[in-house]
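One-letter residues, chain by chain:
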Amino acid sequence: MSTALDLVFEKTRSENRAALIAYIPAGFPSKSGCEKAVRALAEAGVDAIEIGYPYSDPIMDGPTIQEAAEISLKGGTNAADVFSALKVASDTGVASVVMTYWNPIEKYGVKEFAQSIADNGGSGVITPDLTIEESARWLEAVDNSGINPIYVVAPSTSDARLAKVTSKTGGFVYAASVMGVTGARTNVSVDASALVARVKNTTKLPVSVGLGVSTREQAKQVAAYADGVIVGSAFIKLLLDAKSEQEGLDAISALAKELALGVREGR
Amino acid sequence: MTIQLGDVLGHFGQYGGRFVPEALIGALDELEAAHNAAKTDRGFQAELTELHRTYTGRPSIITEAKRFSEHAGGARILLKREDLNHTGSHKINNVLGQALLTKKMGKKRIIAETGAGQHGVASATAAALLGLECVVYMGEEDTRRQALNVARMKLLGAEVVPVTSGSRTLKDAINEAMRDWVTNVATTHYMLGTVAGPHPFPTMVRDFHKIIGEEAREQVLALTGKLPDAVLACVGGGSNAIGIFHAFIPDEGVRLIGLEAGGDGIETGRHAATISGGSEGVLHGTRSYVLQDENGQTIESHSISAGLDYPGVGPEHAYLHDIGRAEYRAVNDDAAMAAFSLFSRTEGIIPAIETAHALAGALVLGNELGPQATLLINLSGRGDKDVQTAADYFGIPL
């Protein structure tokens with residue numbers, strides 16, 4: 001059975017363009033602010049939204065997302081808030097997924113977490129620190145709940161390992177554009193296109209590129225070779241820098257519209 | 001009982017394994033291969049043994065603590081003197097091994113995390129000795145608490161980066177070191193300082209420290225004609241404890257006892273006793289016991305000892321606990337400091353505050369077992385670095 005996420009990629013493929021995927025942590029800039037941001041992003045034309053589950057020890061995240069996670073955790077964000085933000089996203093009609101480090105899933109209950117994703121209209125979960133070797137229980141749970149297990153691969157991942165990882169992946173393969181942590185970068189590395197090509201040798205799944213994309217021009221460049229363009233830190237930075245919540249929402253809406261044009265200009 | 005200490009994926013029972021970004025898998029595989037090759041590489045082993053003989057000061061001696069024993073129910077107390085190693089603790093065993101592996105892998109830069117500064121100083125020392133660039137991540141809070149060790153690292157040529165994220169202590173220093181490693185993995189080796197983290201670290205760091213127990217087992221047999229009744233060591237991440245326990249694991253009659261940092265008391269929630277007061281979870285790339293809340297967020301640990309102030313513990317300890325091969329007890333700050341003072345005055349050795357937790361455990365155990373018992377304690381570090389903390393605690397004006 002196809003998830004909403006699968007359908008998004010069918011649609012964008014038929015339109016010969018890349019999908020735009022936006023990331024925002026649950027509970028950031030506040031619980032209600034996050035829900036407003038999700039609606040603003042959906043209205044501005046993003047195709048899918050990743051709701052981040054803020055975690056105390058985010059080793060894959062740069063300073064921007066770390067700061068957002070700290071703000072969110074100080075506000076008391078928990079799993080219920082993640083699912084509630086996920087539901088707001090899926091209710092807007094865009095595809096929605098959760099991105100989380102592994103320990104909160106395990107603490108919540110592996111089966112229960114997967115089922116709560118499905119129950120709130122979510123399509124899948126991105127697990128950046130879960131290796132396929134440690135995934136047996138998780139893959140059983142996502143299979144039972146009919147959601148996509150989305151794994152992250154990196155430029156350093158060998159071809160042999162890419163094949164192993166993508167064989168367990170559903171929805172799309174998340175290709176980290178550079179060796180490093182999340183955060184806006186001036187240049188999206190040339191590693192990214194080479195990685196996407198290597199991933200595509202192992203799977204028919206869509207491949208989305210994340211880490212470092214923040215402008216329409218970068219979105220256009222990435223959209224030339226990838227099926228999806230993931231933007232996170234750039235939105236968060238706008239929300240962090242804004243003088244008021246409304247100013248932040250207006251700013252992310254404007255950026256999302258620009259990026260939505262960018263992903264349509266790549267090919 | 002079959003004890004399974006590390007399968008090919010680095011599992012100890014249900015614990016261990018790898019929970020890391022895919023970006024690090026290649027480097028972990030490379031490290032595992034280098035470590036496995038080194039185990040049977042006579043040249044490597046000879047070089048490490050020679051460094052230990054001429055630089056570390058191995059074998060470390062055994063000292064009998066006769067006056068301290070009078071306070072421990074008269075039990076015979078033998079000390080494995082890792083405090084006499086170069087740099088003042090057991091940490092040098094691991095860093096020399098990893099520094100040699102770094103050269104084997106052709107990498108020129110090492111990064112390390114440190115809490116109290118002992119592993120940072122040891123890493124900076126090994127880097128200086130072998131001509132490697134060294135960057136040490138240290139929580140900003142800890143750089144203030146341990147300013148002397150920051151200066152030592154700088155004198156040794158290392159760069160010290162204060163970490164300002166999260167709780168600004170050891171766990172955040174590890175996060176920042178992991179971020180550096182994800183970014184610079186092609187040129188950099190992460191010299192993790194304890195038996196935690198993703199496979200192969202728990203196994204590899206244990207292998208570099210197991211010399212402690214191998215030496216001690218022979219030394220105690222030669223001295224007393226029998227094995228000790230119990231082996232005691234403090235446990236933060238757990239490297240000195242695994243180091244002295246490992247050789248004794250097959251000796252079922254020998255009790256293995258880890259002393260965790262009870263801080264203000266487990267019941268207060270302000271402690272670092274991960275096995276005694278935590279639950280199963282994943283932190284810093286491995287499954288083990290973790291101090292965490294109901295949502296799986298890591299809880300900040302508390303201990304007067306910066307070296308034990310960590311909300312995780314090595315997966316091999318979690319496993320030894322669950323199968324009943326090792327016991328873990330918590331020692332509160334006050335009990336540790338009382339033992340610190342008593343030991344200094346009865347033996348003329350100022351121990352590290354970390355080590356004082358093991359000494360406090362021996363006072364209790366000696367009284368439980370009585371004068372027939374022989375206790376072997378890993379005297380894992382000396383207390384020079386703790387003079388400021390101890391002076392503050394005991395109200396000695398500086």
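These numbers come from a predicted model, not from an experiment. (Residues numbered from 1 in each chain as written. Chains lettered and ligands numbered in written order. Predicted model: local features only at pLDDT ≥ 70, side-chain atom pairs only at ≥ 80, totals over all residues. Heavy atoms only, no water.)

A. View of the domain arrangement of chain B. Residues and elements named next belong to chain B. Domain boundaries in chain B define domain 1 (14-53 + 91-205) and domain 2 (58-88 + 210-394). Computed from C-alpha atoms alone, the centre-to-centre distance between domain 1 and domain 2 is 22 Å. Taken together, the contact pairs 36 residues of domain 1 with 36 residues of domain 2. Interface area, domain 1 with domain 2, both sides summed: about 2900 Å², of which 59% is carbon and sulfur. On the surface where domain 1 and domain 2 come into contact, there are zero salt bridges. Our count for the domain 1 to domain 2 interface comes out at eleven residue pairs in polar contact (both at pLDDT 80 or more). Among the elements of the structure, β2 (15-16), α2 (42-56), α4 (91-104), α5 (118-130), α7 (147-155), α8 (170-184) and α9 (201-209) are those that each provide at least two residues to the side of domain 1 that touches domain 2. With five residues, α8 is the single largest residue contributor to the side of domain 1 that touches domain 2. (Domains from an automatic or database assignment. Contact = heavy atoms within 4.5 Å. Buried area = accessible area lost by both parts, 1.4 Å probe. Salt bridge = Lys/Arg side-chain N within 4 Å of Asp/Glu carboxyl O. Polar contact = N/O pair within 3.5 Å; in protein donor to acceptor, adjacent residues only side chain to side chain. Helix = DSSP H or I, 4+ residues; strand = E, 2+ residues; numbered from the N terminus.)

B. Fine view of the interface of chain A and chain B. If you look at the interface, chain A gives 36 residues, while chain B gives 35 residues. In total, about 2800 Å² of surface goes out of reach between chain A and chain B, with carbon and sulfur atoms giving 48% of it. Ranking the residues of chain A by area buried against chain B places Ile59, Lys107 and Glu134 of chain A at the top, with a combined share of 23%. Here chain A is connected to chain B by three salt bridges. Counting across the interface, chain A meets chain B through 20 residue pairs in polar contact (both at pLDDT 80 or more). Looking at the side of chain A that touches chain B, the elements with two or more residues in it are α3 (63-74), α5 (102-108), β6 (152-153) and α8 (159-168) of chain A. It is α5 of chain A that provides the largest number of residues to the side of chain A that touches chain B, a total of five residues. Residues that form the side of chain A that touches chain B fall into these classes: 18 nonpolar, eight polar and ten charged. (Nonpolar A, V, L, I, M, F, W, Y, C, P; charged D, E, K, R; others polar.)

C. Here's a closer look at the pairing of strand β5 (residues 109-114) of chain B. All names here are of chain B. Of all the six residues making up β5, six are buried; the element is thus mostly covered by neighbouring parts of the structure. Alternating positions in β5 separate into two faces, Arg109, Ile111 and Glu113 on one and Ile110, Ala112 and Thr114 on the other, with burial throughout. As judged from the six bridges shared by β5 and strand β6 (residues 133-139), these two strands associate in the parallel manner. Along β6, the bridge assignment pairs isoleucine 111 with valine 135. Handedness of the crossover joining β5 and β6 through α5: right-handed. (Buried < 20%, exposed > 50% of the residue type's maximum accessible area, 1.4 Å probe, protein only. Pairing = 2+ DSSP bridges. Right-handed = clockwise from strand over helix to strand, strands pointing away.)

D. Structural view of the sheet that holds strand β7 (residues 159-163) of chain B. All names here are of chain B. A sheet is described by the order of its strands in space; here four strands give the open sequence β7-β6-β5-β8, paired in parallel fashion. A strand with exactly one partner marks an edge of an open sheet, and here the two such strands are β7 and β8 (188-190). This sheet shows a mean twist of 25° between the axes of neighbouring strands, independent of strand direction. Across three bridges, β5 lies against β8 in parallel orientation. Among the inter-strand pairings, isoleucine 111 is bridged to a residue of β8, identified as tyrosine 190. (Axes fitted to C-alpha atoms, helices over the stretch in contact; angles between N-to-C directions.)

E. Molecular detail of helix α12 (residues 245-262) of chain A. Residues and elements named next belong to chain A. For α12, spanning 18 residues, the distance from its first C-alpha to its last is 26 Å, which sits close to the expected 26 Å at 1.5 Å a residue. Of the residues making up α12, those classed as buried are Gly248, Leu249, Ile252, Ser253, Leu255, Ala256, Leu259, Ala260 and Gly262. The secondary structure elements touched by the buried residues of α12 are β1 (19-25), α2 (31-43), α10 (216-223), β9 (228-231) and α11 (233-241). (Expected span 1.5 Å × (residues − 1).)

F. A nonpolar patch on the surface, seen in detail. Taken together, the side chains of Tyr393, Phe394 and Ile396 of chain B make up a nonpolar region of the molecular surface, amounting to roughly 270 Å² of accessible area. Tracing the sequence through the fold places tyrosine 393 of chain B in helix α16 (residues 387-394). (Patch = residues over 30% accessible without salt bridge, like charges linked within 9 Å, V, L, I, M, F, W, Y side chains within 5 Å. Areas by Shrake-Rupley, 256 points an atom, 1.4 Å probe, with all protein chains shown as cover.)

G. Just the pattern of salt bridges, in detail. Residue and element names in this part refer to chain B. Taken as a whole and assessed by the stated rule, the structure comprises 46 salt bridges over all chains. Residues arginine 109 and glutamate 133 are paired through a salt bridge, measuring 3.7 Å at the closest nitrogen-oxygen approach. Taken together, the residues arginine 109 in strand β5 and glutamate 133 in strand β6 connect sequence positions 24 residues apart. With a relative accessible area of 45%, glutamate 133 lands in the partly exposed category. In this structure, the salt-bridge partner of glutamate 327 is arginine 329, at a minimum N-O distance of 3.9 Å. By relative accessible area, glutamate 327 is classed as partly exposed at 26%. On the basis of relative accessible area, arginine 329 is assigned to the partly exposed category, the value being 23%.

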